[in-house]
Every structure is written in structure tokens, then in C-alpha cells.
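So you can see what is in the structure, the chains are spelled out below.
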Amino acid sequence: LTAVVIMASSDKCFACGKAVYALEKISADKRDFHKTCFKCTVCNNTLKLGTYAALSGKYYCKPHFKQLFALKGNYSEGFGEEKRSANWQEGQAQEKVTFKNKEVTFKGLTLEQVEDAQQKFKQYDADGSGSIDLAEFTKLMEDIFPKKGKIIVKSLSEMHFKAADKDGSGSIDEVEFLKTYSDLMMKDEEK
């Protein structure tokens, strides 16, 4: 006897439009792809979930994402979109970037500032859990704002940590930290 297995799928690959089944599916930004269809817009190399960045519905390998950003120094122009520097001056620019499979809004940060924030997060994530508690966050804040007094930094840390820790778990992950960092840097530049 021979068994016949029929697999049905209502999921369509975002890139090619064909049916995509569980064994060949990869999901990024709430979109499904065949593993072989998930490719960099620039070089056409196959991407993996940990090695891509997305902007405005386009997917890039990390080297090309950085290269396109470096060409013009901002997300808009480097990726062929309208220049938004006038909005930045008004503090209204918001770029949505996919990071660790979550869409994150960075308000006016350069890629170098985001990478610097990531390094700081890793440095203060002492146990390597992928999240930091209030004590680690306070030490990190002291590093970011060395000219502010300890009492001010402690107060700022508590306030921003509580706002970032939306689930009340007592820790914030890297994405929550990057959002908070983005907000802090914008407020610091306004002064």
C-alpha cells in the first residue's frame, strides 16, 4: 500500500505569489516567503531571519542595507525615497526598520547611533539573557549621560525603564531599549 499525503496551503509567498507550505516557509514582517524567495533587493542573495533588514516593504542583506544608508546618510534618500530632512528639523521624521523580526521606529538616529546603542545594550546585559533589568539600565544610562548627576540619571532611568517595560516583567529587551534610546537621544538633542 502507498499512502498519499495531500498538503493544502492558503499561504502565498510574498515574492512569487505561489502557495507556500510549512516545510518551505519563512515568515518575516508578517509576510510568508519560500525560503528560496526571501532575497536581498540589491544582490538577490538568499536571506535568513537573523541576517536581513527591511524598509518600506523591501528586504536587504545587512551589508547592502548599511551601504545604501551610507550613500546618503539617511534611510530615505539612500533607498530611493523622498528626502525628509525638512521633517527631521521639525522632529517629525520616523523611520520604521525591521529589527529581530519586529518593526521598530527610530526617530532621527543614524545607523552608527543605533549600532552604538546595540553595543551598549550587549555590554550591560551582564547575564547575556537578551534583556536588562533596572540596575543594568541605570548603569547604561550613566554611561550614555555622564554629565548628568547620579540622582537625575537614576530618576530618568526609573521613569524611562517603567515606560519601556510595558509588560511589567522587570526587564526590557533590546528592541524596547532601542526605542527608548531613540526617544532619549531626540530629547537630549532638543536641549
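Refer to the structure above for everything that follows.
Residues numbered from 1 in each chain as written. Predicted model: local features only at pLDDT ≥ 70, side-chain atom pairs only at ≥ 80, totals over all residues. Heavy atoms only, no water.

**Considerations on the state of the cysteines**
Stated formally: Disulfides are defined as pairs of cysteine sulfur atoms found within 2.5 Å of each other. Think of it in three bands: residues with accessible area under 20% of the maximum for their type are buried, residues over 50% are exposed, and the middle band is partly exposed, with areas taken using a 1.4 Å probe on protein chains only.
Counted under the stated rule, the structure contains zero disulfides. No disulfide involves Cys 13; its sulfur sits 3.7 Å from the nearest other cysteine sulfur, which is in Cys 16. Here Cys 13 falls in the buried class, since its relative accessible area comes to 3%.

**A word on the packing of helix H5 (residues 134-144) against helix H6 (residues 150-164)**
What counts is decided by this rule: What counts as an axis is a line fitted to C-alpha atoms, over the stretch in contact for a helix, and the angles between N-to-C directions run from 0 to 180 degrees. Secondary structure follows DSSP: runs of H or I at least 4 residues long count as helices, runs of E at least 2 residues long count as strands, and numbering of each begins at the N terminus. Throughout, the term roughly parallel applies to angles under 35 degrees, roughly antiparallel to angles over 145, roughly perpendicular to angles from 65 to 115, and oblique to all others. By convention the crossing between two helices is left-handed if the near helix lies anticlockwise of the far one by an angle smaller than a right angle, and right-handed if it lies clockwise. Here, residues are in contact when the closest pair of their heavy atoms is within 4.5 Å.
One can describe the packing of H5 onto H6 by two numbers: an axis separation of 9 Å at closest approach and a directional angle of 130°. Taken together, the axes of H5 and H6 are oblique relative to one another. Handedness of the crossing formed by H5 with H6: right-handed. Taken together, the residues of H6 that come into contact with H5 (itself represented by Leu 134, Phe 137, Thr 138, Met 141 and Glu 142) are Lys 150, Val 153, Lys 154, Leu 156, Ser 157, Glu 158, His 160 and Phe 161.

**Description of the nonpolar core**
The condition that has to hold: For the purposes of this section, nonpolar cores are sets of buried Ala, Val, Leu, Ile, Met, Phe, Trp, Tyr and Cys residues that join through side-chain atoms within 4.5 Å.
Ile 132, Phe 137, Leu 140, Met 141, Ile 144, Ile 172 and Phe 177 are the most contacted members of the largest nonpolar core, which totals 17 residues. Beyond its immediate sequence surroundings of up to four residues, Phe 177 is in contact with Ala 117, Phe 121, Phe 137, Leu 140, Ile 144 and Ile 172. In terms of nonpolar packing, the next biggest core, distinct from the first, is built from 12 residues, Val 20, Phe 33, Leu 47 and Tyr 59 among them.

**Some words on H5**
Stated formally: Any pair of nitrogen or oxygen atoms within 3.5 Å is treated as a polar contact; in protein, a donor-acceptor pairing is required on top of that, and neighbouring residues in sequence qualify only through side-chain atoms on both sides.
Every buried residue belonging to H5 is among Glu 136, Phe 137, Thr 138, Leu 140, Met 141 and Ile 144, and all of these are buried. With a side-chain oxygen positioned 3.2 Å from the backbone nitrogen of Ala 135, the residue opening H5 is Asp 133.

**So, the environment of Gly 57**
Locating Gly 57 in the fold gives a position in the loop between strand S3 (52-55) and strand S4 (58-61). The exposure class of Gly 57 is partly exposed, given its relative accessible area of 33%. With 28 residues separating them in the primary sequence, Gly 57 and Asp 29 have C-alpha atoms 8.7 Å apart. Once residues lying within four places of it in the same chain are set aside, the contact partners of Gly 57 are Phe 14 and Arg 31.

**Topic: the packing of aromatic side chains**
Aromatic ring pairs are reported here in terms of the distance separating the ring centres and the angle at which the planes meet. Going by this rule: Pairing of aromatic rings covers Phe, Tyr and the six-membered ring of Trp, with a centre-to-centre limit of 6.5 Å; geometry is then stacked below 30 degrees between planes, edge-to-face above 60, and tilted otherwise.
In this structure the tally under the stated criterion is 10 aromatic pairs. Ring centres 6.1 Å apart and planes at 55° place the aromatic pair Tyr 60 and Phe 65 in the tilted group. With relative accessibility at 4%, the residue Tyr 60 sits in the buried group. Taken together, Phe 14, Phe 33, Phe 38, Tyr 52 and Tyr 59 form an aromatic cluster joined through their ring pairs.

**Description of the pattern of salt bridges**
Using the following cut-off: Whenever Lys or Arg places a side-chain nitrogen within 4 Å of a carboxyl oxygen from Asp or Glu, that contact is recorded as a salt bridge.
Under the counting rule described, the total for this entry stands at four salt bridges. The shortest N-O distance in the salt bridge between Lys 150 and Glu 142 comes to 3.9 Å. The exposure class assigned to Lys 150 is exposed, which follows from its relative accessible area of 62%. We classify Glu 142 as partly exposed; its relative accessible area is 29%. Across the salt bridge formed by Lys 154 and Glu 158, the nearest N and O atoms sit 3.9 Å from each other. Highlighted residues: Lys 154 and Glu 158, both in helix H6, separated by four residues, approximately one helical turn.

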